Amino acid sequence: MTTSALRDLVTRHPEQADEEPFLEVVDLRVHFPTDDGLVKSVDGLSFALDRGRTLGIVGESGSGKSVTSLAIMGLHTRPTSEQTRPGAQLSGEIYLEGEDLLAKSPEYVRSLRGKRMAMIFQDPLSAMNPYYTVGRQIIEAYQIHNPVTKKVARKHAIDMLGRVGIPEPSRRVDAYPHQFSGGMRQRAMIAMALSCDPDLLIADEPTTALDVTVQAQILDLIRDLQSEFNSAVVLITHDLGVVAELADDVLVMYAGRAMEYGSADQLFNRPAHPYTWGLLGSMPRFDRARSERLLAITGTPPSLINVPPGCPFHPRCSYAARNNGRSEEVRPELAPVEPGHTVACHLTQIERDEIWEHEIAPKL
Amino acid sequence: MSAPAQQPAAAHAEQDSNLVIVEDLIKHFPIRAGILRRQVGAVQAVDGVNFAVKRGETFSIVGESGCGKSTTARLLTRLLEPTGGKITFEGRDISHLKDSQLRPLRRDMQMIFQDPYSSLNPRHTVGKIVGAPFRLQGVNPPGGVKKAVQELLAAVGLNPEHYNRYPHEFSGGQRQRIGIARTLALRPRLIIADEPVSALDVSIQAQIINLLEDLQEEFDLTYVIIAHDLSVVRYVSDRVAVMYLGKIVELADREPLYTTPMHPYTVALMSAVPVPDTRRRQERERILLSGDVPSPISPPPACRFHTRCWKAQEICRTQEPPLVELLPRHRVACHFPENYSPGAEDLR
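Since the structure is predicted, the reported quantities are computational estimates derived from the model, not experimental observations.

Conventions we followed
Residues numbered from 1 in each chain as written. Chains lettered and ligands numbered in written order. Predicted model: local features only at pLDDT ≥ 70, side-chain atom pairs only at ≥ 80, totals over all residues. Helix = DSSP H or I, 4+ residues; strand = E, 2+ residues; numbered from the N terminus. Rg over C-alpha atoms; globule rule 2.2 N^0.38 Å. Buried ≥ 20, exposed ≤ 12 C-beta atoms within 10 Å, placed from the backbone. Contact = placed C-beta atoms within 7 Å. Nonpolar A, V, L, I, M, F, W, Y, C, P; charged D, E, K, R; others polar. pLDDT = per-residue confidence, 0-100. Expected span 1.5 Å × (residues − 1). Axes fitted to C-alpha atoms, helices over the stretch in contact; angles between N-to-C directions. Parallel < 35°, antiparallel > 145°, perpendicular 65-115°, else oblique. Left-handed = near helix turned anticlockwise from the far one by under 90°. Pairing = 2+ DSSP bridges.

### Notes on the overall build of chain B
Inference 1: Of regular secondary structure, chain B possesses 12 helices and 12 strands.
Inference 2: In terms of overall size, chain B behaves like a compact globule, its C-alpha atoms giving a radius of gyration of 22 Å where 348 residues would be expected to give roughly 20 Å.
Inference 3: Once the C-alpha set of chain B is aligned to its principal axes, its extents read approximately 65 × 55 × 55 Å.
Inference 4: Buried residues in chain B amount to 42% of all 348 residues.
Inference 5: Considering only contacts in chain B between residues 6 or more positions apart, those separated by 24 or more positions represent 63%.

And the structure:
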């Protein structure tokens with residue numbers, strides 16, 4: 001498929017369709033050569049994101065969601081001649097305001113990190129340097145992108161720590177990461193990521209390690225800061241509750257590929273892919289009395305070295321038999337089911353609607 | 001143990017339906033400092049907890065990190081010795097039994113751990129891991145250990161031919177099944193599961209939850225489940241206890257607890273759970289608790305939640321609210337409970 005055809009498939013919002021999207025990923029592939037074979041972590045992924053909007057990327061471990069975010073940030077080791085160990089093999093295009101990041105030098109991409117794009121990691125303890133105070137780490141990042149004196153930068157750091165809800169920021173700015181509790185550390189890292197008002201914020205499982213009450217505080221914080229700076233946010237998580245809470249659009253990934261892509265409303269109220277049905281059915285519901293039994297997905301996710309041919313989900317799919325073997329042979333591409341909603345599945349629209357209405361929706 | 005004999009028949013029946021009774025359970029971990037390693041304080045992990053677990057039910061303990069739920073689980077299985085209070089299992093006081101006295105007890109009481117990667121010995125085959133309880137307890141199952149192990153593997157949904165494989169050949173969900181097969185080996189009456197599914201992916205989580213339910217029926221098990229995921233707890237439990245800083249703040253049947261929580265902490269906890277429903281995004285009212293959980297080394301006096309509670313009054317700082325049964329089968333420790341007006345018992 002040509003790049004332009006792929007571009008047409010990328011979901012866009014009607015009101016912004018003629019403008020260039022802020023972030024656009026086209027046919028991204030990230031492969032890692034290993035002794036056991038080639039690990040295809042991301043294999044042909046496309047999506048787009050505008051400013052002020054949040055894209056939720058959902059998937060289980062090994063679905064390629066974090067690898068995608070690291071590719072956008074330019075954090076994969078690229079293969080070079082003097083390396084003994086081969087790095088990641090990347091192909092495709094990642095456009096940030098029309099600029100293809102994959103075609104740029106690592107030095108150039110590094111200069112973008114901090115101000116143009118920033119990332120919140122899952123584990124704040126390993127994302128911070130334990131030898132330096134929290135304040136010093138924020139000041140350093142701020143001074144790289146802004147020609148200000150240390151005094152001004154320090155004032156900005158204190159200001160940021162206060163904004164993310166850390167009590168007594170003028171005292172805490174001189175504390176070391178280990179002196180913070182888990183929730184405070186996460187907030188400090190968010191302060192660091194946001195210190196230069198990034199245009200693109202990638203949050204990789206930002207609340208997975210946190211308790212629910214702290215999670216609620218952090219999600220609120222991301223929402224507030226996004227509306228203030230009109231940033232584009234990529235939210236990577238396995239928790240569908242967090243996605244429903246925060247995301248405008250949702251991309252469901254499985255074995256390095258997009259299974260379904262659409263608005264949060266479409267994904268939660270009219271999901272079209274059997275894997276999405278499985279995810280929704282696997283989840284015990286907090287907000288209603290229990291149903292008979294969870295609709296678990298059978299089997300386990302595939303190895304990324306030996307991804308099943310055809311539809312990667314077919315060995316676990318209850319409906320694969322309906323396609324006369326097409327699921328095992330032909331790889332389904334994302335195709336529209338309604339405006340702004342695409343799905344990669346061989347089921348026909350009629351079959352899909354019938355299964356959803358009679359077999360899935362009543363049991364959720 | 002002559003006291004129960006003197007009690008009236010009704011109380012006796014009540015006692016019989018309880019598999020485990022926990023009274024005023026306390027566990028303080030000493031903090032030592034200086035050259036002499038003198039005790040300078042204590043982490044008050046569990047501080048006066050009372051509950052009873054009925055035969056055949058699923059009793060869950062929920063709470064955030066540091067609330068003492070895992071310590072409670074370890075006290076129940078006597079992996080830890082309580083500092084104070086009493087644990088009765090099948091009418092027998094097990095609070096201070098010695099290791100040698102505990103061993104026979106472990107046949108009736110088993111534990112499922114959170115991490116399927118660190119709870120299995122990587123150098124042992126699946127057959128050896130699942131068969132270990134038989135060897136340790138000197139039990140000879142009819143038909144031999146190998147046959148018994150293969151039956152157990154089949155019961156938890158694994159292929160009996162996997163007998164000679166090693167843990168690294170299995171995925172996280174399969175490893176959790178191996179761990180569950182091991183706990184079932186000696187046909188225990190009570191299984192204590194500490195975060196049994198939190199390390200697993202969503203689709204695998206559902207498989208294990210369904211498996212635990214099937215096994216409960218098949219093997220007539222009583223579960224105590226320790227979890228932080230309120231959605232999972234609502235799905236699996238019959239009764240739920242909510243812990244905060246070493247104390248139970250609310251204990252009730254599942255549905256009343258989720259539909260009409262009474263302790264402000266429970267209310268805040270429930271309101272913070274993200275719900276996978278985009279239509280409800282706007283409707284929900286969220287109570288944001290400020291700050292972090294205070295340190296269990298010096299917990300706030302009186303009501304431990306008063307430092308973060310929006311309803312706190314003077315009495316909350318001076319007088320500790322007891323855990324009382326405000327509604328039938330619904331116990332709360334709060335001076336100003338939510339969803340409650342005196343006389344409302346009739347409405348239930």
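### Observations concerning the overall build of chain A
Inference 1: Within chain A one finds 14 helices and 12 strands.
Inference 2: Relative to its length of 364 residues, chain A is compact, with a C-alpha radius of gyration of 21 Å against a globular reference of 21 Å.
Inference 3: Referenced to the eigenvectors of the C-alpha coordinate spread, the extents of chain A come out at roughly 70 × 55 × 45 Å.
Inference 4: When each of the 364 residues of chain A is scored for burial, the buried share is 49%.
Inference 5: Put simply, 63% of the contacts in chain A that link residues at least 6 apart link residues at least 24 apart.

### Side note on unusual backbone geometry
Inference 1: Non-glycine residue A:Glu97 carries a positive phi angle of around 50°.
Inference 2: Here the phi dihedral of B:Leu245 falls at roughly 45°; this positive angle occurs in a residue that is not glycine.
Inference 3: In this structure, B:Leu245 sits in the loop between strand 9 (239–244) and strand 10 (247–253).

### Quick notes on the interface of chain A and chain B
For an interface, size is often stated in terms of accessible area lost upon the parts coming together.
Inference 1: Counting residues at the interface gives 39 residues for chain A, matched by 35 residues for chain B.
Inference 2: Among the elements of the structure, helix 8 (182–194), helix 9 (212–229), helix 10 (240–246), helix 11 (264–269) and helix 12 (274–282) of chain A are those that each provide at least two residues to the side of chain A that touches chain B.
Inference 3: Counted by class, the side of chain A that touches chain B contains 17 nonpolar, 12 polar and 10 charged residues.

### Some details on the confidence of the model for chain A
Residues and elements named next belong to chain A.
Inference 1: Averaged over every residue, the pLDDT of chain A is 87; the share at 70 or more is 93%.
Inference 2: Here helix 1 (residues 3–9) stands out as the least confident element of chain A, with mean pLDDT 46; strand 9 (residues 249–254) is the most confident, with 96.
Inference 3: Counted against residues more than four places away or in other chains, residues 1–16, with its pLDDT under 50, gives 26 contacts.

### Things to note about helix 7 (residues 172–184) of chain B
Inference 1: The terminal C-alpha atoms of helix 7 of chain B lie 19 Å apart, and with 13 residues this matches the ideal 18 Å at 1.5 Å per residue to within 8%.
Inference 2: Residues of helix 7 of chain B that are buried include every one of B:Gly173, B:Gln174, B:Arg175, B:Gln176, B:Arg177, B:Ile178, B:Gly179, B:Ile180, B:Ala181, B:Arg182, B:Thr183 and B:Leu184, and no others.

### A few points about the environment of A:Phe268
Inference 1: Relative to the elements of secondary structure, A:Phe268 occurs in helix 11.
Inference 2: On a C-alpha basis, the gap between A:Phe268 and A:Leu240 in space is 9.1 Å, while along the polypeptide they are 28 residues apart.
Inference 3: Setting aside its immediate chain neighbours within four residues, A:Phe268 contacts A:Ala244, B:Pro276, B:Asp277 and B:Thr278.

### Quick notes on the packing of helix 5 (residues 134–145) of chain A against helix 6 (residues 150–163) of chain A
All names here are of chain A.
Inference 1: Direction vectors running N to C along helix 5 and helix 6 enclose 120°, while the axes themselves pass 9 Å from each other. The angle between helix 5 and helix 6 places the two elements in the oblique class. As helix 5 packs across helix 6, the resulting crossing turns out to be right-handed. Note on element contacts: helix 6 touches helix 5 through Lys-150, Ala-153, Arg-154, His-156, Ala-157 and Met-160, opposite Gly-135, Ile-138, Ile-139, Tyr-142 and Gln-143.
Inference 2: The class makeup of the residues in the contact of helix 5 with helix 6 is six nonpolar, three polar and two charged.

### Examining the sheet that holds strand 5 (residues 99–100) of chain A
Residues and elements named next belong to chain A.
Inference 1: The strand order across the open sheet built from four strands is 2-1-4-5, with neighbouring strands paired in antiparallel fashion. Both outer strands of the open sheet, strand 2 (37–49) and strand 5, are each paired with one neighbouring strand and no more.
Inference 2: Summarising the sheet, strand 1 (residues 23–34) and strand 4 (residues 89–96) pair through seven bridges and their orientation is antiparallel. What sits directly across from Val-25, in strand 4, is Ile-94.
Inference 3: Most of the contacts of helix 2 (residues 65–73) go to strand 2, to which it runs at about 70°, and overall it touches strand 1, strand 2 and strand 4.

### Here's the deal with the sheet that holds strand 10 of chain B
Residue and element names in this part refer to chain B.
Inference 1: Read from one edge of the open sheet, eight strands run 6-7-8-3-9-10-12-11, paired in mixed fashion. Because the sheet does not close on itself, it has two edges, and the strands there are strand 6 (109–112) and strand 11 (324–327). Sheet twist, expressed as the mean angle between neighbouring strand axes with direction ignored, is 25°.
Inference 2: Here six bridges tie strand 9 to strand 10, and the two strands are oriented antiparallel to one another. Following the sheet pairing, Val-242 is matched in strand 10 by Glu-250.

### Some details on the environment of A:Pro177
Residue and element names in this part refer to chain A.
Inference 1: Tracing the backbone shows Pro-177 in the loop between helix 7 (169–172) and helix 8.
Inference 2: A count of 21 C-beta atoms within 10 Å places Pro-177 in the buried class.
Inference 3: With 43 residues separating them along the chain, Pro-177 and Val-134 place their C-alpha atoms 6.0 Å apart.
Inference 4: In contact with Pro-177, not counting residues within four places along its chain, are Leu-125, Met-128, Pro-130, Val-134 and Arg-185.

### Side note on the pairing of strand 7 (residues 200–204) of chain A
All names here are of chain A.
Inference 1: Taken across its five residues, strand 7 has five buried, putting it largely inside the fold.
Inference 2: Side chains of strand 7 alternate between two faces, with Leu-200, Ile-202 and Asp-204 and Leu-201 and Ala-203 buried alike.
Inference 3: Here strand 6 (residues 117–120) pairs with strand 7 via four bridges, running parallel. Counterpart to Met-117 in the pairing with strand 7 is Leu-200.

### Side note on the packing of helix 5 (residues 126–137) of chain B against helix 6 (residues 145–155) of chain B
Residues and elements named next belong to chain B.
Inference 1: Running from N to C, helix 5 and helix 6 point in directions that differ by 115°, and their axes come no closer than 9 Å. Classified by the interaxial angle, the pair formed by helix 5 and helix 6 is roughly perpendicular. Relative to helix 6, the crossing made by helix 5 is right-handed. Facing Gly-127, Val-130, Gly-131 and Phe-134 of helix 5, the residues of helix 6 in contact are Val-145, Lys-146, Ala-148, Val-149, Leu-152 and Leu-153.

### Some words on the confidence of the model for chain B
Residues and elements named next belong to chain B.
Inference 1: In this model, chain B carries a mean pLDDT of 89, and residues with pLDDT of at least 70 account for 93%.
Inference 2: The model gives residues 1–7 a pLDDT under 50, and that stretch makes three contacts with residues more than four places away or in other chains.
Inference 3: Confidence metrics for the complex model read pTM 0.87 and ipTM 0.83.

### Quick look at the pairing of strand 9 of chain B
Residue and element names in this part refer to chain B.
Inference 1: Extensive coverage of strand 9 is indicated by the burial of five of its six residues.
Inference 2: One ladder, built from four bridges, connects strand 3 (residues 58–62) with strand 9; its direction is parallel. What sits directly across from Phe-59, in strand 9, is Arg-239.
Inference 3: Count of turn residues in the strand 9/strand 10 antiparallel hairpin: two residues, of which Leu-245 carries a positive phi of about 45°.

### So, the environment of B:Thr318
Inference 1: For B:Thr318, the location among the structural elements is in helix 12 (residues 314–318).
Inference 2: B:Thr318 gets classed as exposed once you count the C-beta atoms within 10 Å, which come to 11.

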